[in-house]
Amino acid sequence: MNILVMFTGGTIGSSSNGECISPNSENKKLLLELYKKEYGKHTDFEISEPYYALSENNTGKTIEHLISAVYDAQKKNYSGIIITHGTDTLQYSAAALSYALGNSCKPVMLVSSNYVLTDKNANGLSNFAAAVDFIEKEYGNGVFVPYKNSDNKVYIHRAGRLLQHGELSDDIFSIKNHYYGSYNGDTFIKNPDFDERDDEIKPFGRIKLSEFSKDIKVFNAYVGNEYPQIDGGTKAVLIKTYHSGTICTDNDSFKTFAQTIKNKNIPCYICGADNREPNERATVFSEYGITILPPSAFISQYIKLWISSENNIDFHKIYDKSLGGDLL
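The residue numbers shown here count from 1 along each chain, following its written sequence. Reporting of local features is limited, given that this is a predicted model, to residues whose pLDDT is at least 70; pairs of side-chain atoms are given and counted only at 80 or more, and all residues count toward the totals for whole chains, interfaces and linings. To get the side-chain values, take all heavy atoms of the structure and skip hydrogens and water.

### Focus on the environment of arginine 206
Helix and strand assignments come from DSSP, with helices taken as H or I runs of at least 4 residues and strands as E runs of at least 2, each series counted from the N terminus. Looking at where arginine 206 falls in the secondary structure, it is placed in the loop between strand S10 (187-190) and strand S11 (216-220). A C-alpha to C-alpha distance of 9.8 Å links arginine 206 and asparagine 311, two positions 105 residues apart in sequence. Here, residues are in contact when the closest pair of their heavy atoms is within 4.5 Å. Each residue touching arginine 206, except ones within four places of it in the same chain, is listed here: Ile67, Ser68, Tyr71, Asp72 and Lys75. By the criterion applied in these results, polar contacts are pairs of N or O atoms within 3.5 Å in which, for protein atoms, one can donate a hydrogen and the other can accept it, and in which residues neighboring in sequence qualify only through two side-chain atoms. For arginine 206, the side chain forms a polar contact with the side chain of serine 68, separated by 2.7 Å.

### Topic: the pairing of strand S1 (residues 2-7)
Extensive coverage of S1 is indicated by the burial of 5 of its 6 residues. As judged from the 5 bridges shared by S1 and strand S4 (residues 44-48), these two strands associate in the parallel manner. When the sheet's bridge partners are listed, asparagine 2 is paired in S4 with aspartate 44. Think of it this way: DSSP has to see at least two bridges between two strands before they count as a pair. In the sheet, S1 pairs with strand S5 (residues 80-84) via 5 bridges, with the strands oriented parallel. Residue isoleucine 3 lies in a different strand from S5, and its bridge partner there is glycine 80. Any residue under 20% of the maximum accessible area for its type is buried, any over 50% is exposed, and the rest in between are partly exposed; the area is computed with a 1.4 Å probe on protein chains only.

### Description of helix H2 (residues 60-74)
Here H2 contains 15 residues, and its C-alpha end-to-end distance of 21 Å stays within 8% of the 21 Å for a straight helix at 1.5 Å per residue. Those residues of H2 lying buried are Gly60, Thr62, Ile63, Glu64, Leu66, Ile67, Ala69, Val70, Ala73 and Gln74. Residues of H2 that are buried make contact with S1, S5, helix H3 (90-101), strand S6 (108-111) and helix H7 (298-310). Expected helix span is given by 1.5 Å per residue-to-residue step, counting one fewer step than there are residues.

### A few points about the packing of aromatic side chains
Each aromatic pair joins two rings of Phe, Tyr and Trp (for Trp, the six-membered one) with centres within 6.5 Å, and gets the label stacked for planes under 30 degrees apart, edge-to-face for over 60, and tilted for any other angle. Under the defined criterion, the tally for this structure stands at 25 aromatic pairs. Residues tyrosine 155 and tyrosine 179 carry aromatic rings whose centres are separated by 5.1 Å and whose planes lie at 80° to one another, so their mutual orientation is edge-to-face. With tyrosine 155 in strand S8 (residues 154-158) and tyrosine 179 in the loop between S8 and strand S9 (181-184), this residue pair connects regions lying 24 residues apart in the sequence. A single burial state applies to tyrosine 155 and to tyrosine 179, both of which are buried.

### Quick look at the side chain of threonine 89
With respect to the element layout, threonine 89 can be found in the loop between S5 and H3. Within the structure, the side chain of threonine 89 is placed 2.9 Å from the backbone oxygen of serine 55, a separation counted as a polar contact. In this view, threonine 89 contacts Ser55, Glu56 and Asn58; residues no more than four positions away in its chain are not counted.

### Considering the pattern of salt bridges
We define a salt bridge as a contact between a side-chain nitrogen of Lys or Arg and a carboxyl oxygen of Asp or Glu at a distance within 4 Å. Here the structure, examined in full by the defined rule, presents 10 salt bridges. Its salt-bridge partner being lysine 61, residue glutamate 64 comes within 2.9 Å of it at the nearest N-O pair. Remark: lysine 61 and glutamate 64 occur in helix H2; sequence separation between them is 3 residues, near one turn of the helix. Under the relative-accessibility criterion, lysine 61 is labelled partly exposed at 42%. Through salt bridges that share partners, Lys61, Glu64 and Lys208 make up one connected network.

### Focus: the sheet that holds strand S14 (residues 291-292)
Strand pairing in a sheet relies on backbone hydrogen bonds. The paired strands run either parallel or antiparallel. The parallel open sheet is built from 4 strands, whose spatial order is S11-S12-S13-S14. Both edges of this open sheet fall to S11 and S14, since each of them pairs with a single strand only. Bridge count between S11 and strand S12 (residues 236-240): 5 bridges; the pairing is parallel. In the sheet register, phenylalanine 219 faces S12, and the bridge partner there is isoleucine 239.

Below, the structure is given as structure tokens:
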């Protein structure tokens, strides 16, 4: 069993001096030493370092670089790949890798830690151990995120289904709690309610991304929000709704925005509004040609749209096609 461990930084690859946390590439040794000491296993690990940074500083170029490194590693004789990653942008890299590789690739596990590894409250070692066990026992193909929540259970998530962390919370959840499985101690249990479609489109493979997603406008609904100005360089718009699938449509700001995108033939997508009873908002969406996305995580759809916009992929032809298990 030969596993490649890619270190990219983040809290799991950082150290604390009591005042601040900063990346420390020497933590590569610490993580593997802690694993061998705690679990007494002698799995063969190879190590690489595509880049090393705190994940809040990640950009489109970081994602592009990570995808390229993992794509190359998939061609080599590894049983699986573990990527250590920061928690702040874990969901973004996870979704991007899921779209690049799909559900049939050798297992890729993104592992993070809520605290530095020397902190007694850190979950990084548990997450790493679950990743190793998952690969060794061949529990699934594709891209996954193992993560120990505050209930002390390690959950295995499909990478394209992750929700953003809640405010002031370390826990991670899948959309509508559709996680892949979990560990009860050392025993993996597949979630009996988990379901997903096979990939309905070809994985994107290597992609190109600009540093910033300047070609698409992305925003969340909030009280008092003013809809953005749409310029000639905008290729698409993505809106995250309130929990009930609504956004404010009863003001001049929305009407000006909606009429502008309609006149300019700029596609606009709503994430979070599916499977709701029809209301007046649905009529408004239809009137202005706004498309409601299938049930899915907002971050994954943002990444899917961003990759599409910069790689000559017609998002409107694939938005309802499952890739990497992203759609429920």
